[in-house]
Amino acid sequence: MLTKQVSKSEIEKILKELPDEVDVEEMMYRLYLLQKIQSGEADIREGRTFSHSEAMKRLSGKWQN
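These remarks concern the structure in this document. (Residues numbered from 1 in each chain as written. Predicted model: local features only at pLDDT ≥ 70, side-chain atom pairs only at ≥ 80, totals over all residues. Heavy atoms only, no water.)

This part is about helix α3 (residues 52–64). An ideal rise of 1.5 Å per residue puts 18 Å on 13 residues; α3 measures up with 18 Å between its terminal C-alpha atoms. Among the 13 residues that make up α3, zero are buried, leaving the element largely open to the surroundings. (Helix = DSSP H or I, 4+ residues; strand = E, 2+ residues; numbered from the N terminus. Expected span 1.5 Å × (residues − 1). Buried < 20%, exposed > 50% of the residue type's maximum accessible area, 1.4 Å probe, protein only.)

See the structure below:
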């Protein structure tokens, strides 16, 4: 299951790392990136991964068609 929620403390951490003035697009991108990282970490925890050889096999088949 993909999580679409980010904790308040994670948002505060992002805000502290940003300069005093920042574009809204930059903030949105960082939140998007954080969500994608969390989603990937959840996939790893739940075993939804491919080995390197499996990934190469899938990709090579996709690009040869």
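After presenting the structure, the write-up continues.
With that settled, the discussion passes to the pattern of salt bridges. Where charged atoms from two side chains of opposite charge approach closely, those side chains can pair. All told, the structure shown has three salt bridges when counted by the stated rule. Among the ionic pairs, E26 bridges to R30, the shortest N-O distance being 2.6 Å. Pair noted here: E26 and R30 are both in helix α2 (residues 24–45), with a separation of four residues, about one helical turn. Measuring nitrogen to oxygen at the nearest pair gives 2.5 Å for the salt bridge that ties E46 to R48. (Salt bridge = Lys/Arg side-chain N within 4 Å of Asp/Glu carboxyl O.)

Left-over empty space is what a probe sized like a water molecule reveals as it rolls over the atoms. Roughly 190 Å³ of internal volume is contained in the largest pocket. Contributing to the lining of the largest pocket are E10, K13, I14, E17, R30, L33, L34 and I37. Secondary structure elements with two or more residues in the lining of the largest pocket: α1 (8–17) and α2. (1 Å grid on protein atoms, 1.4 Å probe; cavity = no way out; pocket = protein on both sides within 12 Å on 5 of 7 lines; lining within 4 Å. Points joined across faces, edges and corners; volume = space filled by probe spheres on them.)

We now examine the packing of α1 against α2. The interhelical angle for the contact between α1 and α2, taken along N-to-C directions, is 135 degrees, at an axis separation of 11 Å. In terms of axis orientation, α1 runs oblique to α2. The two elements α1 and α2 meet at a crossing, and its hand is right-handed. Along its contact with α1, which presents E10, I11, I14 and L15, the element α2 presents M27, R30, L31, L34 and Q38. For the contact of α1 with α2, the per-class residue count stands at six nonpolar, one polar and two charged. (Axes fitted to C-alpha atoms, helices over the stretch in contact; angles between N-to-C directions. Parallel < 35°, antiparallel > 145°, perpendicular 65-115°, else oblique. Left-handed = near helix turned anticlockwise from the far one by under 90°. Contact = heavy atoms within 4.5 Å. Nonpolar A, V, L, I, M, F, W, Y, C, P; charged D, E, K, R; others polar.)

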